[in-house]
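# Survey of secondary and tertiary structure
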Amino acid sequence: KNGSNEPRKNKSKRKTLVEFGRSIRNLAASFGTRAANPDAVIEINAGDNAEEAIEVDPAADAAPAPRRREINGVRVVEEENGEIWQEFQPEEIGTVPAEEEEQEIVREYHEGMLNDADSLMLSLWDFGGQEVFYSMHHIFLTKSGVYVLVCDLRKLRNENSRDEAVRYLSFWLNSIKLHAKDAPVIIAGTFSSEIEAEKEMNTINSVVSNLVKGSFPNVVLDKQNGTCFFPIDNSDLDGVLELRTSLEKVIYQDRAVNQQVSMKWMVFLDEILSHRSKHSYLELQTVYEIAKEKCNIEKAGVVDQALQLFHDRGMIVHLTATETLRNIIIIKPQWLIDQLSKVIRDETLHGYDQAEFENAGLKNDLRLMYDESLASAEFLSYVWEMDQVDFLIDLMQKTMLLSVWTYSEEKQYLIPSLLKKKYEGEPTGLRCKFDFSDSFLPNGVFQRLICISIAHCAEYSMKNGGILVGKPELYKNYGRFEFEPESYLGFHEDAESRSISVFVENQKSAMKSLGKIIAMLRKLNYDVMHGGLEWKTFVEDAGSGKMLPYKTALKKGLQPWFEKPKKDVNVVASENVDLSSFLTSLSAL
């Protein structure tokens, strides 16, 4: 009760609210029934685990008579005005919580009790916009939610920087569409106070409109300003209120917000997140046990559905492409973003303190990261402060952000997204081309091909008695590998034409190499890109030099790509296969 003149009693009642709230939540875990009366605070149907169930209804004509009873083993008193308090024995009321404990009680009360039907809890994720981060964003982009894409209006106004700004917007709009094709997108244009002339603002709007028109129907329009973006300025908060208001409207219109969720699931989520104070992730078996013991959810299929919902809402990260990833539920998503960003980062903006690494005896390790994009085991342990190092390495391997580097006596890992030097030469060999120009080639696809290629070479060497294959030649946009002895392949990315070409230097291995490359592309598509990548495949006619569509070449039995007409190349299974099993099958081709 607010405004009480009895602090001791007030504090006790505040505590009883929390304890009674916990009882209500325990009942909710058992029954999970939605209130039939929309004005009722909560309705819980009686069941095996409750001695009695109650409904607190502010619309009731008359308050119930005062009485004492028990709810789930908790003694309560219901007063004439309908308020319910836990009943204490005299000896129980004698202590007053310490200030810290009281603050914790109040915090738990606010976090733990059910919100009213019109309130929302938002989970905000902030991604770095620099290119070096692009490859890891695919882990976090989910199919539901509202995306706010922030851009600098000055760069769209300036003709010298406009093309780059449009490419930036295009990349993000396409990335969001790839992973969340139905999610609303709000474009927020910053530094609006520096765009004084109406003509300049109209020009910017025309540029953005031409980009989004037809291709991105989920972009939210700013009806007040008549633009397809929301102009804001943080220096004077101009436009920020309008942006907030529109964002809230969009969120309330989202079908996901109005989805009814079992109260059991709500309690299940609370139980999972209660482990955040001690853990950053939980194993799936532990989560199953929590669901069964705390929430009476016994079916694994129901638990999996709940986890998928929590992942889609951004409360946890649960990747299910493989059994290894499925076994880990990350309950601190921002922790994961922060940890990965300690390795995948733009050194020009977020450089390392060289003196710090020199004092730690890691001067050469830091140079190796800068110059060759190779991270030593000691380097990773240091930047991650020995916190879940093995798990993070495994996660980065499974999501193809990192690959074990077997070409050194020391334990090292290659991180392809950090490669900076561009290849300026002309690749040689018979060419096959994977054309993404009709859709989208996200940053991160080529880097993951590099990762899988390195992993494949290591697997092949291990499965064949440690036979040595040549050290890869690596660039930001090119990689040359010896897949098997005397079988060299060159991978080249052309970002402008949105294509990846593979050059097979030994034509005798063309058929086998084509099957491997197709399998690798499918693997990263299923595991990381939600199966959203689309491409067309072409192969080079060795006689004429012309590039033929895959189906045409297959129908003709174009050699050396195909053994005979209509006999396709061997491609190993890629979907719902653990990466280790996939690599084993790939090396056996």
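Residues numbered from 1 in each chain as written. Predicted model: local features only at pLDDT ≥ 70, side-chain atom pairs only at ≥ 80, totals over all residues. Heavy atoms only, no water.

## Some remarks on the overall build of the protein chain
Each helix and strand in the protein chain was counted, giving 20 helices and 18 strands. The proportion of buried residues among the 589 residues of the protein chain is 48%. Sequence separation of 24 or more characterises 64% of the internal contacts of the protein chain that already satisfy a separation of 6 or more. On the protein chain, roughly 30,900 Å² of surface is accessible, and the fraction owed to carbon and sulfur atoms is 46%. (Helix = DSSP H or I, 4+ residues; strand = E, 2+ residues; numbered from the N terminus. Buried < 20%, exposed > 50% of the residue type's maximum accessible area, 1.4 Å probe, protein only. Contact = heavy atoms within 4.5 Å. Areas by Shrake-Rupley, 256 points an atom, 1.4 Å probe, with all protein chains shown as cover.)

## As for the side chain of serine 501
Along the chain, the position of serine 501 falls in strand S16 (residues 499-504). Owing to a relative accessible area of 5%, serine 501 belongs among the buried residues under this scheme. For serine 501, the side chain forms a polar contact with the side chain of arginine 431, separated by 3.0 Å. (Polar contact = N/O pair within 3.5 Å; in protein donor to acceptor, adjacent residues only side chain to side chain.)

## Thoughts on the sheet that holds strand S6 (residues 230-231)
Strands sit in the order S4-S5-S6 across an open sheet of 3 strands; the sheet is parallel. Edge positions in the sheet fall to strand S4 (147-152) and S6, since each of these pairs with one other strand and no more. The pairing of S4 with strand S5 (residues 185-190) spans 6 bridges and is classified as parallel. Residue pairing across strands places valine 148 opposite isoleucine 186, the latter belonging to S5. Here helix H5 (residues 159-179) sits on the sheet in contact with S4 and S5, set at roughly 175° to S4. (Pairing = 2+ DSSP bridges. Axes fitted to C-alpha atoms, helices over the stretch in contact; angles between N-to-C directions.)

## Looking at the pairing of S16
The buried fraction of S16 is high, at 6 of 6 residues. Note that strand S12 (residues 430-435) and S16 share 6 bridges and pair antiparallel. Looking across to S16, one finds that cysteine 432 is bridged to valine 502. Direction of pairing for strand S15 (residues 487-494) relative to S16: antiparallel, over a ladder of 6 bridges. Opposite aspartate 494, over in S16, you have serine 499 as the bridge partner. As consecutive antiparallel partners, S15 and S16 are separated by 4 residues, and within that stretch arginine 498 has a phi angle of approximately 55°, a positive value.

## Things to note about the pairing of S15
Counting buried residues along S15, 6 of its 8 residues qualify, which places the element largely inside the surrounding structure. Pairing between strand S14 (residues 478-484) and S15: 6 bridges, direction antiparallel. Across the sheet, the residue bridging to arginine 480 is glycine 490, located in S15. From the end of S14 to the start of S15, which pair antiparallel, there are 2 residues, and glutamate 486 there has a positive phi angle of about 70°.

## Things to note about the confidence of the model for the protein chain
For the protein chain, mean pLDDT is 81; residues scoring 70 or higher make up 79% of the total. Between residues 1-64, whose pLDDT stays under 50, and residues either more than four places distant or in other chains, the model counts 118 contacts. Within the model, the stretch residues 88-97 combines pLDDT values under 50 with 16 contacts to residues more than four positions away or in other chains. (pLDDT = per-residue confidence, 0-100.)

## A word on the sheet that holds strand S13 (residues 473-474)
The 7 strands lie next to each other as S13-S14-S15-S16-S12-S17-S18, forming an open sheet whose pairing is antiparallel. In the strand order of this sheet, the two ends are held by S13 and strand S18 (547-549), each with one partner. Lying over the sheet, helix H17 (residues 445-463) contacts S13, S14, S15 and S16, oriented at roughly 25° with respect to S14. Here helix H18 (residues 510-528) sits on the sheet in contact with S12, S14, S15, S16 and strand S17 (536-540), set at roughly 20° to S12.

## Things to note about unusual backbone geometry
The amide bond that connects glutamine 559 to the next residue, proline 560, takes the cis arrangement and shows omega of 10°. Along the chain, proline 560 turns up in the loop between helix H19 (550-556) and helix H20 (579-587). Not every positive phi belongs to a glycine, and asparagine 296 is a case in point at roughly 60°. The topology assignment puts asparagine 296 in the loop between helix H9 (284-295) and helix H10 (300-312). A relative accessible area of 35% places asparagine 296 in the partly exposed class.

## Quick look at the pattern of salt bridges
Considering all chains together, one arrives at 13 salt bridges under this definition. For lysine 398, the salt bridge goes to aspartate 394, with nearest N and O atoms at 2.5 Å. Of the two residues, lysine 398 and aspartate 394 are both situated in helix H16 (residues 389-398); the distance of 4 residues between them amounts to about one turn of the helix. Here glutamate 484 makes a salt bridge to lysine 516, at a shortest N to O gap of 3.0 Å. Remark: lysine 516 occurs in helix H18 and glutamate 484 occurs in strand S14; sequence separation between them is 32 residues. We classify lysine 516 as buried; its relative accessible area is 1%. (Salt bridge = Lys/Arg side-chain N within 4 Å of Asp/Glu carboxyl O.)

## Remarks on the environment of lysine 420
As for its position among the elements, lysine 420 is in the loop between strand S11 (412-414) and S12. By relative accessible area, which is 46% here, lysine 420 ends up partly exposed. With residues up to four places along the chain from it excluded, the contact list for lysine 420 reads Glu347, Tyr370 and Lys476. From its side chain, lysine 420 meets the backbone oxygen of tyrosine 370 in a polar contact 2.6 Å long.

## Remarks on H18
Think of an α-helix as turning once every 3.6 residues; residues three or four places apart then point the same way. Taking 1.5 Å of rise per residue, 19 residues should cover 27 Å, and H18 covers 27 Å from first to last C-alpha, within 8% of that figure. Of all 19 residues in H18, 15 are buried, a share of seventy percent or more. Following H18 by one or two positions, histidine 530 adopts a phi angle in the positive range, close to 55°. (Expected span 1.5 Å × (residues − 1).)

## Some remarks on the packing of aromatic side chains
In this description, an aromatic ring pair is defined by two values, namely the gap between the centres and the angle between the planes. Going through the model one piece at a time under the given rule, you end up with 18 aromatic pairs. Ring plane angle 20° and centroid distance 5.5 Å describe the contact between phenylalanine 357 and phenylalanine 379, whose orientation is recorded as stacked. Placement of phenylalanine 357 in helix H13 (residues 354-359) and of phenylalanine 379 in helix H15 (residues 377-383) is noted, with a sequence separation of 22 residues between them. Across the pair, exposure class does not vary: phenylalanine 357 and phenylalanine 379 are buried alike. (Phe/Tyr/Trp six-rings, centres within 6.5 Å; stacked < 30°, edge-to-face > 60°.)

## Structural notes on the state of the cysteines
Across all of its chains, the model carries 0 disulfides by this definition. We note that cysteine 151 lacks a disulfide partner, and the nearest cysteine sulfur, in cysteine 228, lies 9.5 Å from it. The buried category is assigned to cysteine 151, whose relative accessible area is 7%. Relative accessible area serves as the criterion here: at 5%, cysteine 228 is assigned to the buried category. (Disulfide = S-S within 2.5 Å.)

## What to know about the packing of H17 against H18
Close contact between H17 and H18 brings their axes to 10 Å; oriented N to C, the two are set at 120°. One finds that H17 runs oblique with respect to H18. Between H17 and H18 lies a crossing of right-handed hand. Facing Val445, Arg448, Leu449, Ile452, Ser453 and His456 of H17, the residues of H18 in contact are Lys516, Met520, Leu521, Leu524 and Val528. (Parallel < 35°, antiparallel > 145°, perpendicular 65-115°, else oblique. Left-handed = near helix turned anticlockwise from the far one by under 90°.)

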